[in-house]
Amino acid sequence: LICEAYDLMKSLGMGQKEMADTFTEWNKGELDSFLIEITSNILNYKDKDGYLLERIRDTAGQKGTGKWTAIAALQYGVPVTLIGEAVFSRCLSALKDERVRASKLIHGPDTKPMVQNKAEFLNHIKNALYCAKIVSYAQGFMLMREAAKENGWHLNYGGIALMWRGGCIIRSVFLGNIKEAFTRNPQLSNLLLDDFFKAAIVKNQHSWRQVVANATLWGIPVPTMSAALAFFDGYRSERLPANLLQAQRDFFGAHTYELLGHEGKFV
């Protein structure tokens, strides 16, 4: 998510000092976290040849934690889409030579990224980052809850959030909000249903949509921000088009289906 925010800033023509100052400012509010802090430090870092960041090869490795999480999500049938997309984005970044060739052969939109009010759009990016971060944690806790159910575990979700805050790459002020949510309701089924997070995401969703929509029109990939938004819109939908999917499955493979109002009876 932070990399996507950085990419959007860069596409708007922002220099490293300006980007660093933006992340420093963001670190004073609800995004206050270790990762936002070090992003600012990284953007500010210079060696004898100047700013280092732009000289680092844009291919990411991985140790496996993201992959294990995505595999667990598929095994338990929980839509941890944001972490899944983050893992696949690393895989895509590793195709550097292919991407270099493709960049010369395949062209996207001609529209140059441009906004009328940069300060306003930067605020949109900040809010989009915050909303998507909420979704990522909501998905992560959904996975833990499902694993706990299947394995007979009794997890202290608020305590887990505090443990991460105590010393971990994802340590942030935000984790305190999660602890408070589970203190208010230990049986909370999803963070998106907690009053604090629900209010935050509803209030900032316009920014989130502006960022994803503009990035798409500009041809700038925002896989995690857009995956999080798609999940949010799906989760809040009373009806999804899976009725057609189930009809198709039954048509070609006799997988059966349920009728509304007759749940549990498979036709």
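Residues numbered from 1 in each chain as written. Predicted model: local features only at pLDDT ≥ 70, side-chain atom pairs only at ≥ 80, totals over all residues. Heavy atoms only, no water.

### A word on the side chain of Ser172
Following the sequence through the fold, Ser172 ends up in the loop between helix H8 (157–166) and helix H9 (174–184). If sequence neighbours within four positions are ignored, Ser172 has contacts with Asp32, Ser33, Lys133 and Arg165. (Helix = DSSP H or I, 4+ residues; strand = E, 2+ residues; numbered from the N terminus. Contact = heavy atoms within 4.5 Å.)

### Observations concerning helix H2 (residues 16–26)
Considered for burial, the residues of H2 that qualify are Gln16, Met19, Ala20, Thr22, Phe23 and Trp26. In an axial view of H2, the angular spread of the buried residues amounts to 160°, which keeps them on one side of the axis. Looking at the buried residues of H2, the elements they touch are helix H1 (2–11), helix H3 (34–44), strand S2 (50–51) and helix H7 (118–151). (Buried < 20%, exposed > 50% of the residue type's maximum accessible area, 1.4 Å probe, protein only. Arc of directions from axis to C-beta.)

### Remarks on the packing of H2 against H3
Relative orientation of the contacting elements H2 and H3 amounts to 160°, with a least axis distance of 8 Å. Of the possible angle classes, the one that applies to H2 and H3 is roughly antiparallel. The interaxial crossing formed by H2 with H3 has left-handed handedness. Residues Gln16, Lys17, Met19, Ala20, Phe23, Thr24 and Trp26 of H2 touch H3, and the partners they reach there are Ile36, Thr39, Ser40, Leu43 and Asn44. A breakdown of the residues in the contact of H2 with H3 according to their chemical character gives six nonpolar, five polar and one charged. (Axes fitted to C-alpha atoms, helices over the stretch in contact; angles between N-to-C directions. Parallel < 35°, antiparallel > 145°, perpendicular 65-115°, else oblique. Left-handed = near helix turned anticlockwise from the far one by under 90°. Nonpolar A, V, L, I, M, F, W, Y, C, P; charged D, E, K, R; others polar.)

### Quick look at the environment of Ala102
Relative to the helices and strands, Ala102 is located in helix H6 (residues 96–105). For the pair Ala102 and Phe196, spaced 94 residues apart in sequence, the C-alpha separation works out to 44 Å.

### Digging into the UniProt feature "domain: 6-phosphogluconate dehydrogenase C-terminal" (unreviewed entry) in the chain
As recorded in UniProt, the feature "domain: 6-phosphogluconate dehydrogenase C-terminal" (unreviewed entry) lies at residues 1–266. Between the first and last C-alpha atoms of residues 1–266 the distance is 41 Å; the span itself is 64% helix and 2% strand. (UniProt positions renumbered as here; feature names shortened; annotations may be inferred.)

### Digging into the environment of Leu122
When you line up the elements, Leu122 lands in helix H7. For the pair formed by Leu122 and Val211, sequence separation is 89 residues and the distance between their alpha carbons is 9.4 Å. Setting aside its immediate chain neighbours within four residues, Leu122 contacts Met9, Met14, Thr22 and Trp26.

### Here's the deal with the side chain of Ser33
One can find Ser33 in the loop between H2 and H3. When its relative accessible area of 8% is taken as the criterion, Ser33 is described as buried.

### Focus: the layout of surface pockets
Here the second largest pocket defines a volume of roughly 420 Å³. The wall of the second largest pocket is formed by Glu238, Arg239, Leu240, Ala242, Asn243, Gln246, Ala247, Tyr257, Glu258, Leu259, Leu260 and Glu263. Broken down by class, the residue content of the lining of the second largest pocket amounts to six nonpolar, two polar and four charged. (1 Å grid on protein atoms, 1.4 Å probe; cavity = no way out; pocket = protein on both sides within 12 Å on 5 of 7 lines; lining within 4 Å. Points joined across faces, edges and corners; volume = space filled by probe spheres on them.)

### Quick look at the packing of aromatic side chains
Taken as a whole and assessed by the stated rule, the structure comprises 12 aromatic pairs. Note on Phe121 and Trp218: the rings are 5.5 Å apart at their centroids and 55° apart in plane angle, and the pair reads as tilted. Linking Phe121 in helix H7 with Trp218 in helix H10 (residues 195–218), this pair joins segments that are 97 residues apart in sequence. Across the pair, exposure class does not vary: Phe121 and Trp218 are buried alike. Three or more aromatic residues joined by ring pairs form one cluster here, namely Tyr130, Tyr137, Phe174, Phe196 and Phe197. Of note, Lys46 hangs over the ring of Tyr51, and the distance from its end group to the ring centre comes to 4.8 Å. (Phe/Tyr/Trp six-rings, centres within 6.5 Å; stacked < 30°, edge-to-face > 60°. Lys NZ or Arg CZ within 6 Å of the ring centre and 35° of its normal.)

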